[in-house]
Amino acid sequence: MKARTTTGMFLVLLLAVAGLAYGVGQAAGPSDAAGPASHPTMHRTNHPATDPATDPAPTTTTDGAATGGLVVRPVQDVAPRHAPLRVRPELVPGRRLLGPGDHGPQVRALQARLRQIAWLSGDVDDVYDATVTAAVRGFQAKRGIAVTGYVDPRTRHRLDAMTHAPTTAELENRLTPMGNTPGRLDPRCRTGRAICIDKSSRTLRWVVDGQVLRTVDVRFGASYTPTREGLFHVYWMDADHVSHEYGSAMPYSMFFSRGQAVHYSSDFAARGYAGASHGCVNVRDHEGVKWLFSHVRVGDKVVIYWS
């Protein structure tokens with residue numbers, strides 16, 4: 001009997017322990033199930049790290065169907081970022097001072113100033129025609145002035161600031177083909193036969209007994225090979241000379257000082273004042289230097305000076 005009683009009590013104890021364990025399990029279940037509903041979880045899926053100083057704040061959305069609770073997800077800001085538009089102020093034309101159809105000395109002076117800065121070429125006159133209108137329009141567009149084709153105060157002020165008052169020679173079209181205005185004649189050029197070369201105006205004049213018979217544009221040596229200045233005389237002439245030192249052609253050479261000569265330069269004709277010589281006096285007018293060569297003789301003066 002004692003053994004049965006002990007066995008029965010053992011079975012009751014086992015059943016009690018099993019029931020207690022079952023109750024604990026049942027009590028824990030509902031508490032865990034309520035977790036997602038009361039504590040939403042942040043989800044990031046394949047999003048790069050963000051910088052709170054530069055990235056926009058995330059926007060949240062809810063999706064209760066997926067988990068039975070609130071799910072907060074960051075939404076990427078895909079709106080394009082545009083730089084602020086810059087609106088140029090409208091150019092307002094000024095009062096008309098001079099324009100198409102006008103005539104007179106003021107128009108001639110305007111043309112002379114436009115020619116100084118290469119907006120016009122050729123001779124100037126007293127007529128404000130279509131060519132002048134086009135030149136003024138180009139100047140205005142280049143300088144950010146209302147494009148009208150007529151001269152207003154702003155156009156006049158800008159043009160005056162970039163040019164000088166036209167000289168009598170400019171107004172009377174006494175210029176070289178490159179727009180150079182010959183300066184004063186050196187006193188040494190006023191007697192006898194002289195090739196008179198003015199470095200200031202970049203011109204060469206053939207002068208006989210004080211009378212100018214021909215004027216041509218010239219250029220000189222670079223700073224490291226300057227053209228010498230002073231009074232010289234032609235000591236040798238060669239119509240088909242080729243430089244042994246540089247291998248370049250020097251047609252119609254008239255030598256005056258230790259290898260330096262007046263001669264035609266095809267480079268000067270092609271590049272203008274963008275280049276320089278090795279000390280010679282370059283002439284760009286082929287017919288002009290050919291004519292000069294036919295009149296100059298060995299022994300004639302060569303005067304090189306600044307006017």
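Just above sits the structure.
Owing to the predicted nature of the structure, the values given are computational and were not obtained by experimental measurement. (Residues numbered from 1 in each chain as written. Predicted model: local features only at pLDDT ≥ 70, side-chain atom pairs only at ≥ 80, totals over all residues. Heavy atoms only, no water.)

Novice: For the packing of aromatic side chains, give the residues involved together with the corresponding values.
Specialist: Inspection of the entire model under this criterion finds five aromatic pairs. Between Tyr 235 and Phe 255, the ring centres sit 6.3 Å apart and the planes meet at 45°, which makes this aromatic pair tilted. Residue Tyr 235 is found in the loop between strand E6 (230-233) and strand E7 (236-242), and its partner Phe 255 is found in strand E8 (residues 249-257); the two are separated by 20 residues along the sequence. Among the residues examined, Phe 255 registers a relative accessible area of 4% and is labelled buried. By the ring-pair criterion, three or more aromatic residues cluster together here, those being Tyr 235, Trp 236 and Phe 255. One residue, Lys 199, lies across the ring of Phe 220, its end atom 5.7 Å from the ring centre. The ring of Phe 268 has Arg 284 lying over it, and the distance from NZ or CZ to the ring centre is 5.9 Å. (Phe/Tyr/Trp six-rings, centres within 6.5 Å; stacked < 30°, edge-to-face > 60°. Helix = DSSP H or I, 4+ residues; strand = E, 2+ residues; numbered from the N terminus. Buried < 20%, exposed > 50% of the residue type's maximum accessible area, 1.4 Å probe, protein only. Lys NZ or Arg CZ within 6 Å of the ring centre and 35° of its normal.)

Novice: Explain the packing of helix H5 (residues 130-143) against helix H6 (residues 153-162) residue by residue, including any values.
Specialist: The interhelical angle for the contact between H5 and H6, taken along N-to-C directions, is 85°, at an axis separation of 11 Å. Here H5 is positioned roughly perpendicular relative to H6, judged by the angle of their axes. Judged by residue contacts, Val 136, Phe 139, Gln 140 and Arg 143 of H5 engage Arg 154, Thr 155, Arg 158, Leu 159 and Met 162 from H6. Its residues assigned to classes, the contact of H5 with H6 shows four nonpolar, two polar and three charged. (Axes fitted to C-alpha atoms, helices over the stretch in contact; angles between N-to-C directions. Parallel < 35°, antiparallel > 145°, perpendicular 65-115°, else oblique. Contact = heavy atoms within 4.5 Å. Nonpolar A, V, L, I, M, F, W, Y, C, P; charged D, E, K, R; others polar.)

Novice: I'd like a rundown of the pattern of salt bridges, residues and numbers included.
Specialist: Here the structure, examined in full by the defined rule, presents eight salt bridges. Between Lys 199 and Glu 229 there is a salt bridge, with the nearest N and O atoms lying 3.0 Å from each other. In this pair, Lys 199 is assigned in the loop between strand E3 (193-198) and strand E4 (203-208) and Glu 229 in the loop between strand E5 (211-219) and E6, connecting sequence segments 30 residues apart. The class of Glu 229 is partly exposed, set by a relative accessible area of 45%. (Salt bridge = Lys/Arg side-chain N within 4 Å of Asp/Glu carboxyl O.)

Novice: I'd love a proper account of the pairing of E4, names of residues and values included.
Specialist: With five of six residues buried, E4 is to be regarded as a mostly interior element. Note that E3 and E4 share six bridges and pair antiparallel. Looking at the pairing, Ile 195 lines up with Trp 206 of E4. The hairpin formed by E3 and E4 contains four residues between the paired strands, and Arg 202 there has a positive phi angle of roughly 55°. By the bridge criterion, six bridges tie E4 to E5 in an arrangement that is antiparallel. Its bridge partner being in E5, Leu 204 is matched across the sheet by Val 216. (Pairing = 2+ DSSP bridges.)

Novice: Explain the sheet that holds strand E11 (residues 301-305) residue by residue, including any values.
Specialist: Pairing in this open sheet of nine strands is mixed, and the strands run E6-E11-E3-E4-E5-E10-E9-E8-E7 from one edge to the other. The sheet is open, and its two edges are formed by E6 and E7, each paired on a single side. Direction aside, the axes of adjacent strands within the sheet are offset by 30° on average.

Novice: Account for the environment of Tyr 252, with residues named and values stated.
Specialist: Locating Tyr 252 in the fold gives a position in strand E8. Residues Tyr 252 and Ser 265 lie 13 residues apart in sequence; the distance between their C-alpha atoms is 9.7 Å. Those residues within four positions of Tyr 252 in sequence are excluded, and the remaining contacts are Asp 238, Ala 239, Val 262, His 263, His 286, Val 289, Lys 290 and Phe 293.

Novice: Explain the pairing of E11 to me, using residue names and the numbers behind them.
Specialist: When you tally the buried positions in E11, you get five out of five residues, the bulk of the element. On E11, burial covers both faces: Lys 301, Val 303 and Tyr 305 on one face and Val 302 and Ile 304 on the other are all buried. Strand direction decides the pairing type here: E3 and E11, joined by five bridges, are parallel. Residue pairing for E11: Cys 196 is matched across the bridge by Val 303.

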